[in-house]
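Commentary on secondary and tertiary structure
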Amino acid sequence: MEEDREKLEKVFQQLNEEEDTVLKKWYQSLIHKAILLFPLVAFGFIFLKVNTDKSILDLLSFVAVGGVFVFGGIFLNYLLLKGR
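Residues numbered from 1 in each chain as written. Predicted model: local features only at pLDDT ≥ 70, side-chain atom pairs only at ≥ 80, totals over all residues. Heavy atoms only, no water.

**Looking at the environment of I56**
The test is simple: In this text, helices come from DSSP runs of H or I with a minimum length of four residues, and strands from runs of E with a minimum of two, each type numbered from the N-terminal end.
Position of I56 relative to the elements: it lies in helix α3 (residues 56-82). A C-alpha to C-alpha distance of 8.6 Å links I56 and G44, two positions 12 residues apart in sequence.

**Overview of the packing of aromatic side chains**
Given two aromatic rings, their pairing is described by the distance between the two centres and the angle made by the two planes. Which entries qualify depends on this criterion: Stacked, tilted and edge-to-face pairs are distinguished by plane angle, under 30 degrees for stacked and over 60 for edge-to-face with tilted covering the rest, among Phe, Tyr and Trp rings (Trp via its six-membered ring) whose centres lie within 6.5 Å. The buried label goes to any residue with under 20% of its type's maximum accessible area, the exposed label to any with over 50%, and the partly exposed label to all in between, with areas taken from a 1.4 Å probe on protein chains only.
By the definition in use, this model includes three aromatic pairs. Measuring from ring centre to ring centre gives 6.0 Å for F43 and F47, while their planes differ by 35°; the resulting arrangement is tilted. Placement of the pair is F43 and F47 together in helix α2 (residues 30-50), with a separation of four residues, close to one helical turn. With relative accessibility at 36%, the residue F43 sits in the partly exposed group. On the accessibility criterion, F47 (14% relative accessible area) is buried. Aromatic pair F43 and F62: ring centres 6.1 Å apart, planes at 20°, arrangement stacked. Taken together, the residues F43 in helix α2 and F62 in helix α3 connect sequence positions 19 residues apart. An aromatic cluster is present here, built from F43, F47 and F62 joined pairwise through their rings.

**Details of the confidence of the model for the protein chain**
Applied cut-off: Per-residue confidence from the predictor is reported as pLDDT, a score between 0 and 100.
Summarising the model, the protein chain shows a mean pLDDT of 82, and 86% of its residues fall at 70 or more. Averaged pLDDT values over the elements of the protein chain bottom out at 73 in helix α1 (residues 2-28) and peak at 91 in α3.

**Looking at a negative patch on the surface**
Our working rule: Each patch groups residues whose relative accessible area exceeds 30% and which form no salt bridge, using 9 Å between like charges and 5 Å between nonpolar side chains of Val, Leu, Ile, Met, Phe, Trp and Tyr. Using a 1.4 Å probe, accessible areas were evaluated by the Shrake-Rupley method; residue-level cover was limited to the displayed protein chains. We define a salt bridge as a contact between a side-chain nitrogen of Lys or Arg and a carboxyl oxygen of Asp or Glu at a distance within 4 Å. Counted as positive: Lys and Arg. Counted as negative: Asp and Glu. His and the chain ends are not counted at all. Note on charges: their place is set at NZ of Lys, CZ of Arg, CG of Asp or CD of Glu.
Together, E2, E3, D4 and E6 make up a negatively charged patch on the protein surface. With respect to the helices, strands and loops of the structure, E3 is situated in helix α1. What makes E3 exposed here is its relative accessible area of 60%.

And the structure:
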């Protein structure tokens, strides 16, 4: 009985340590996440500041059309390379 309890305590302690390391890694990468999100947030803010007559829907449609063009180019490149 005592051995089972010790084994369970060891497993519980290992699980807690693993969870702590996962959280530490996530918190350490917050700076990198902020650096990646900053241009997106800055673009949205500047777009809405400069174009005061536009709405968030206009911003999303502008970004969506750009995304369609980019993914269309990637898809065309894929088709051209696949034919070789």
